[in-house]
Amino acid sequence: MPKDDGLVPVVLLTLRMAGWWAERLPSGTAHSGRMHMARAGSPDIVAIRPCTKRYDPPLPMLVECKHRTGKLRRAQVELSVWCAERGILYVVVRSVDDVAKLVEGGAG
């Protein structure tokens, strides 16, 4: 079973179907270390919620998908604190219900 219970594709599909811009952000290395991707601690998904009212700006956020009992790694905690200090929304999604709440505006 994936560390995130397979939530990443579900979150991506759900956000995109709801009109969000959402993109997977792979981290680590690939091809035996020859290709470096996003650094450790990077979120699984970068998403932007579209404007909900005429004068509301779009809402960018970082989305981390975790198993229901999974814990954030040190680098992920550091990023979440960095985001909180700067007013950037960092969301941890653990279930399909969490994704539904996110789409309905219950993030944060």
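Above: the structure in question.
Here is a short report on the structure shown in this document. (Residues numbered from 1 in each chain as written. Predicted model: local features only at pLDDT ≥ 70, side-chain atom pairs only at ≥ 80, totals over all residues. Heavy atoms only, no water.)

1. Things to note about the overall build of the chain
Right, so step 1: Helices and strands together make up the secondary structure of the chain, namely three helices and six strands.
Right, so step 2: The secondary structure elements of the chain, listed N-terminal to C-terminal, are α-β-β-β-β-β-α-β-α.
Right, so step 3: Sorting the 108 residues of the chain into buried and exposed places 29% on the buried side.
Right, so step 4: Of all intrachain contacts in the chain linking residues separated by at least 6 positions in sequence, the fraction that spans at least 24 positions is 48%.
Right, so step 5: When the accessible surface of the chain is totalled, it reaches about 7100 Å², and 57% of it is carbon and sulfur. (Helix = DSSP H or I, 4+ residues; strand = E, 2+ residues; numbered from the N terminus. Buried < 20%, exposed > 50% of the residue type's maximum accessible area, 1.4 Å probe, protein only. Contact = heavy atoms within 4.5 Å. Areas by Shrake-Rupley, 256 points an atom, 1.4 Å probe, with all protein chains shown as cover.)

2. Examining the layout of surface pockets
Right, so step 1: Considered as a void within the structure, the second largest pocket measures approximately 160 Å³ in volume.
Right, so step 2: Lining of the second largest pocket is provided by Arg 39, Ala 40, Gly 41, Ser 42, Ala 75, Glu 78, Leu 79 and Trp 82.
Right, so step 3: Looking at the lining of the second largest pocket residue by residue, the class counts come to four nonpolar, two polar and two charged. (1 Å grid on protein atoms, 1.4 Å probe; cavity = no way out; pocket = protein on both sides within 12 Å on 5 of 7 lines; lining within 4 Å. Points joined across faces, edges and corners; volume = space filled by probe spheres on them. Nonpolar A, V, L, I, M, F, W, Y, C, P; charged D, E, K, R; others polar.)

3. Focus on helix H2 (residues 74–85)
Right, so step 1: Helix length check: H2 (12 residues) gives 17 Å between terminal C-alpha atoms against 16 Å at 1.5 Å per residue, within 8%.
Right, so step 2: Within H2 the residues assigned to the buried category are Gln 76, Leu 79, Ser 80 and Cys 83. End-on, the buried residues of H2 take up no more than an arc of 100°, which puts them together on one face. Structural note: H2 exposes Arg 74 and Glu 85 on the side pointing more than 90 degrees away from its buried face.
Right, so step 3: Each element contacted by the buried residues of H2 is listed here: strand S5 (59–65) and strand S6 (89–93).
Right, so step 4: Phi turns positive one or two residues past the end of H2, at Gly 87, with a value near 75°. (Expected span 1.5 Å × (residues − 1). Arc of directions from axis to C-beta.)

4. Quick look at the pairing of strand S4 (residues 45–49)
The side chains of a regular strand alternate, residue by residue, between the two faces of the sheet.
Right, so step 1: Of the two faces of S4, only the one carrying Ile 45, Ala 47 and Arg 49 is buried; Val 46 and Ile 48 on the other face are not.
Right, so step 2: Examined bridge by bridge, strand S1 (residues 21–24) and S4 share four bridges and lie antiparallel to one another. Paired with Glu 23 across the two strands is Val 46, which belongs to S4.
Right, so step 3: Both S4 and S5 contribute to a ladder of five bridges, which runs antiparallel. (Pairing = 2+ DSSP bridges.)

5. Topic: the environment of Pro 26
Right, so step 1: With respect to the secondary-structure elements, Pro 26 resides in the loop between S1 and strand S2 (29–30).
Right, so step 2: A residue is classified by how much of its surface remains accessible, and Pro 26, at 35% relative accessible area, is partly exposed.
Right, so step 3: C-alpha of Pro 26 to C-alpha of Ala 40: the two residues are 14 residues apart in sequence and 9.7 Å apart in space.
Right, so step 4: What Pro 26 contacts, discounting residues up to four positions off in sequence, is Met 37 and Ala 38.

6. Observations concerning the nonpolar core
The tendency in soluble globular proteins is for nonpolar side chains to be buried as a group.
Right, so step 1: Core analysis: the largest hydrophobic core is formed by 16 residues, its most contacted members being Val 11, Ile 45, Ala 47, Val 63, Val 93 and Leu 102.
Right, so step 2: Looking at this core, the elements that each hand over two or more residues are helix H1 (7–17), S4, S5, S6 and helix H3 (96–103).
Right, so step 3: No other element matches H1, which puts five residues into this core. (Core = buried A, V, L, I, M, F, W, Y, C linked by side-chain atoms within 4.5 Å.)

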